[in-house]
Amino acid sequence: MRGELRRRVAREAAWLLYHGLCEDYKTAKEKAARTLGVKFLPSNLEVALELDRLADEVEGPERRERLVGMRREALRIMELLRDLHPRLIGSVWRGTARRDSDIDIAVYSDNPEEVRLRLEEAGYRVSDYRLVRADKGGRVVETHHIYLETEIGNVAEVVVRPLSELGREPERCEVYGDPMTGLGVEELRHLLETDPYRKFIPG
């Protein structure tokens with residue numbers, strides 16, 4: 001009985017997230033628990049799995065084809081920035097991208113303006129550009145976020161990390177609990193050639 005209730009709370013939280021009624025997992029879980037009158041919360045992983053199932057139900061077979069298109073677009077961008085050690089991260093790496101998901105790519109450079117210029121010269125339109133400061137275990141790290149419009153209609157977010165961050169252990173994902181390793185250029189190319197729909201989800 002309790003297990004079924006946990007799944008119902010996770011499903012309700014997933015529904016809230018999918019429809020944009022909550023922006024983060026914590027708020028969605030708390031709201032779902034109140035709605036269903038229970039005192040316990042599912043894990044982020046349980047909600048993420050329900051969110052993935054819900055997206056499949058709502059978006060149907062086109063979701064898988066959109067994922068492949070987003071991975072191909074990611075590869076094109078990563079090829080342009082190959083010398084900056086690009087990694088595909090986020091939901092397009094995971095294989096859990098939904099209709100409005102971004103393509104998330106991390107690169108390493110101490111010259112973010114040069115990265116922006118290179119993308120513009122390749123024909124991409126930069127729709128936004130932001131500096132973000134974050135505490136990484138006592139270290140304040142500045143990253144530059146370059147938002148691109150793509151031909152397939154999704155936004156690509158290129159995160160320019162300082163070179164000093166290259167080679168550090170990947171952070172653990174707050175949702176899935178595993179290291180956010182992502183995919184490099186050749187890894188992504190191989191994936192598209194051999195198993196383009198693959199998901200990178202623990203367990």
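Residues numbered from 1 in each chain as written. Predicted model: local features only at pLDDT ≥ 70, side-chain atom pairs only at ≥ 80, totals over all residues. Heavy atoms only, no water.

S.K.: Before we move on, can you summarise the overall build of the protein with the specific residues and values?
M.R.: The number of helices and strands found in the protein is 7 helices and 5 strands. For the protein, the succession of helices and strands along the chain, N to C, is α-α-α-α-β-α-β-α-β-β-β-α. A globule of 203 residues ought to have a C-alpha radius of gyration of about 17 Å, and the protein, at 18 Å, matches this closely. On the principal axes, the C-alpha backbone points of the protein span a range of 55 × 40 × 30 Å. Long-range pairs, those at least 24 residues apart, make up 61% of the contacts in the protein with a sequence separation of at least 6. Summed over its atoms, the accessible surface of the protein is roughly 11200 Å², and 48% of this surface lies on carbon and sulfur atoms. (Helix = DSSP H or I, 4+ residues; strand = E, 2+ residues; numbered from the N terminus. Rg over C-alpha atoms; globule rule 2.2 N^0.38 Å. Contact = heavy atoms within 4.5 Å. Areas by Shrake-Rupley, 256 points an atom, 1.4 Å probe, with all protein chains shown as cover.)

S.K.: Would you mind going over the pairing of strand β3 (residues 125-136) in detail, with residue names and values included?
M.R.: Along any regular strand, the residues point their side chains to alternate faces of the sheet. Direction of pairing for β3 relative to strand β4 (residues 139-149): antiparallel, over a ladder of 11 bridges. By the bridge assignment for β4, L131 is matched with H144. Here β3 hands over to β4 after 2 residues, with G137 in that stretch at a positive phi of 60°. (Pairing = 2+ DSSP bridges.)

S.K.: Describe in detail the sheet that holds strand β2 (residues 103-108), supporting the description with residues and values.
M.R.: Ordered by their spatial adjacency, 5 strands build an open sheet running β1-β2-β5-β4-β3, and the pairing between neighbours is mixed. Here the strands that pair on one side only, and so sit at the sheet edges, are β1 (87-89) and β3. Between one strand axis and the next, the sheet turns through 25° on average, direction left out of account. As defined by bridge partners, β1 adjoins β2 across 3 bridges and the pair is classed as antiparallel. Pairing of R87 across the sheet is with A106, part of β2. Its contacts with the sheet put helix α4 (residues 62-80) on β1, β2, β4 and β5 (155-161), and the angle it makes with β2 is roughly 20°. (Axes fitted to C-alpha atoms, helices over the stretch in contact; angles between N-to-C directions.)

S.K.: Report on the pattern of salt bridges, specifying residues and quantitative values.
M.R.: In this structure the tally under the stated criterion is 27 salt bridges. Between E50 and R53 there is a salt bridge whose closest N-O contact spans 2.8 Å. With a gap of 3 residues between them, E50 and R53 both fall in helix α3 (residues 44-59), about one helical turn apart. Under the relative-accessibility criterion, R53 is labelled partly exposed at 36%. The partner of E142 in a salt bridge is R133, and the shortest N-O contact between them spans 2.7 Å. Here the salt bridges do not stand alone but share partners, grouping R7, R11, E50, R53 and E57 into one network. (Salt bridge = Lys/Arg side-chain N within 4 Å of Asp/Glu carboxyl O. Buried < 20%, exposed > 50% of the residue type's maximum accessible area, 1.4 Å probe, protein only.)

S.K.: Please give an account of the packing of α4 against helix α7 (residues 185-194) that cites residues and values.
M.R.: Where α4 contacts α7, the axes come no closer than 10 Å and their chain directions differ by 150°. The angle between the axes of α4 and α7 places the two elements in the roughly antiparallel class. Two packed elements cross with a definite hand, and for α4 against α7 that hand is left-handed. On the side of α4, the interface is formed by V68, R71, R72, A74, L75, M78 and E79, while α7 contributes V185, L188, R189, L191 and L192. Taken together, the residues of the contact of α4 with α7 sort by class into 8 nonpolar, no polar and 4 charged. (Parallel < 35°, antiparallel > 145°, perpendicular 65-115°, else oblique. Left-handed = near helix turned anticlockwise from the far one by under 90°. Nonpolar A, V, L, I, M, F, W, Y, C, P; charged D, E, K, R; others polar.)

S.K.: With reference to specific residues and values, describe the pairing of β2.
M.R.: In terms of burial, β2 is largely enclosed, as 6 of its 6 residues are buried. Side chains I103, I105 and V107 project from β2 onto one buried face, and the interleaved D104, A106 and Y108 project onto a second face that is buried too. Two elements, β2 and β5, share 6 bridges in a ladder whose sense is parallel. Paired with Y108 across the two strands is R161, which belongs to β5.

S.K.: Which residues make up α3, and what are the values?
M.R.: Its 16 residues place the ends of α3 22 Å apart at the C-alpha level, agreeing with the 22 Å of an ideal helix rising 1.5 Å per residue. Within α3 the residues assigned to the buried category are V47, A48, E50, L51, D52, L54, A55 and E59. Following α3 by one or two positions, G60 adopts a phi angle in the positive range, close to 65°. (Expected span 1.5 Å × (residues − 1).)

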